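Single-letter residue listing:
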Amino acid sequence: MTELAVGGWVLLVIAALIVGLSKAALPGASTLAVAIFAAILPAKQSTATLLVLLIVGDVFALWAYRRHADWRALGRLVPAVAAGLVAGAIFLVIADDSWVRRTIGVILLILIAFTLWRRYARRGEPAATGARWPAATAYGSLGGFTTMVANAGGPVMSMYFLASGFRVMAFLGTAAWFFALVNLTKLPIMFGLGLITPGTLLMDLILVPAVLVGAFGGRVIAGRINQTWFERIVIVLTIVGALYLLI
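Residues numbered from 1 in each chain as written. Predicted model: local features only at pLDDT ≥ 70, side-chain atom pairs only at ≥ 80, totals over all residues. Heavy atoms only, no water.

1. Overview of the side chain of K186
Mapped onto the fold, K186 is located in helix α8 (residues 168-192). Here K186 sits buried without a salt bridge, and the closest side chain of opposite charge, D58, lies 8.0 Å off (N-O distance). One polar contact links the side chain of K186 to the main-chain carbonyl oxygen of T147, over a distance of 2.7 Å. Beyond its immediate chain neighbours, meaning those up to four positions away, K186 contacts L51, L85, T147, M148 and N151. (Helix = DSSP H or I, 4+ residues; strand = E, 2+ residues; numbered from the N terminus. Buried < 20%, exposed > 50% of the residue type's maximum accessible area, 1.4 Å probe, protein only. Lys, Arg positive; Asp, Glu negative; His and termini not counted. Salt bridge = Lys/Arg side-chain N within 4 Å of Asp/Glu carboxyl O. Polar contact = N/O pair within 3.5 Å; in protein donor to acceptor, adjacent residues only side chain to side chain. Contact = heavy atoms within 4.5 Å.)

Here is the structure:
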C-alpha cells in the first residue's frame, strides 16, 4: 500500500465508485473497475481485493432490489455456475490468465452479436420471460469461470439477463442475488488460496466509502432510466468489458 502513488490511489477510488454504480444501476460497468485494479495491482491480488468491494456492493444491491429477483432463472443457473467456479479455481492454481482473458473477450463479443441478432430476429414477438436450460448452461458455466478468474462475470451474465427479457428492476434484482451468492461462494476459496491478506483487507476498508457513494448515486439513476436506454448501456458496457479483456 505504501508503494502506491497518489495517482494510483485516485484510480482505485474511481474504480470503487464504479463498483457501487454497477451494483446499483449499470451491470457490466464493474469490468471497468476490474481493468483499473489490474492496472494498479498484481493480477491475483487485484482479483482478491476487488472481490471484497464487490461483496460490499452486493449488500447494497440486495437491500435495494432483493424483492425483484426471478428465482426460477437463478435456479436454472446453479449447476452450470458451480461447474464454472470449480474450473476457474483450478485455473487460478495452475495457469497464467492472460491468454484466457483474450479468449473470454472473444466469447463475449460472440455473445453480444448473438444476443443482438436474436433480439432483431424476434422484433414484434412477445418479450421472452426467461432463457431456457441450454442458455442457462452456456451462460452460467462461462459466467462462473470468468467471475472466479477475473471478477469479469458481469458482462456474461448481463447478456443472459437481457436474453431472458427482464425489465430493469427484475434485471437488477436477479443480478443482485446472483452475484451476492456467487461472490460469497468465492470468498473462502480466495482465503484458501492465500490471496486475501491483512493488506488487501486494509485497502478494502479504505475504499469501501467510495463503493457506498457510487451505490447511492446508482440507486438514483436506476429509478429514472427507461428500459431502452438501460439495455443500450448494458450492451455498450459489455462491449467495453470484452475489448478490455482482449487487450
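2. Some words on the environment of W133
By secondary structure assignment, the location of W133 is in helix α6 (residues 133-150). Taking C-alpha positions, W133 is 9.3 Å from A73, a pair spaced 60 residues apart along the chain. Every residue in contact with W133, bar those within four places of it in the chain, is listed here: G75 and R76.

3. What to know about helix α4 (residues 71-94)
Relative to the 34 Å expected for 24 residues at 1.5 Å per residue, α4 spans 34 Å between its end C-alpha atoms, a close match to the ideal helical length. Remark: the principal bend of α4, roughly 45°, maps to V78, with a proline, P79, within the next four residues. Buried within α4 we find A73, L74, R76, L77, A80, V81, G84, L85, G88, A89, F91 and L92. Where α4 begins, the capping side chain belongs to D70, and its oxygen is found 3.1 Å from the backbone nitrogen of R72. (Expected span 1.5 Å × (residues − 1). Bend = angle between axes of the 7 residues up to and from the residue.)

4. Regarding the packing of aromatic side chains
Going through the model one piece at a time under the given rule, you end up with ten aromatic pairs. With a centroid separation of 5.1 Å and an interplanar angle of 55°, the aromatic rings of W71 and W177 are classed as tilted. One end of the pair, W71, is in helix α4; the other, W177, is in helix α8, with 106 residues separating them in the sequence. The class of W71 is partly exposed, set by a relative accessible area of 48%. W177 sits in the partly exposed class, given a relative accessible area of 22%. One aromatic cluster in this structure is built from Y139, Y160, F161, F166, F171, F178 and F179. (Phe/Tyr/Trp six-rings, centres within 6.5 Å; stacked < 30°, edge-to-face > 60°.)

Spatial relationships are all this shows, so hold off on functional conclusions.
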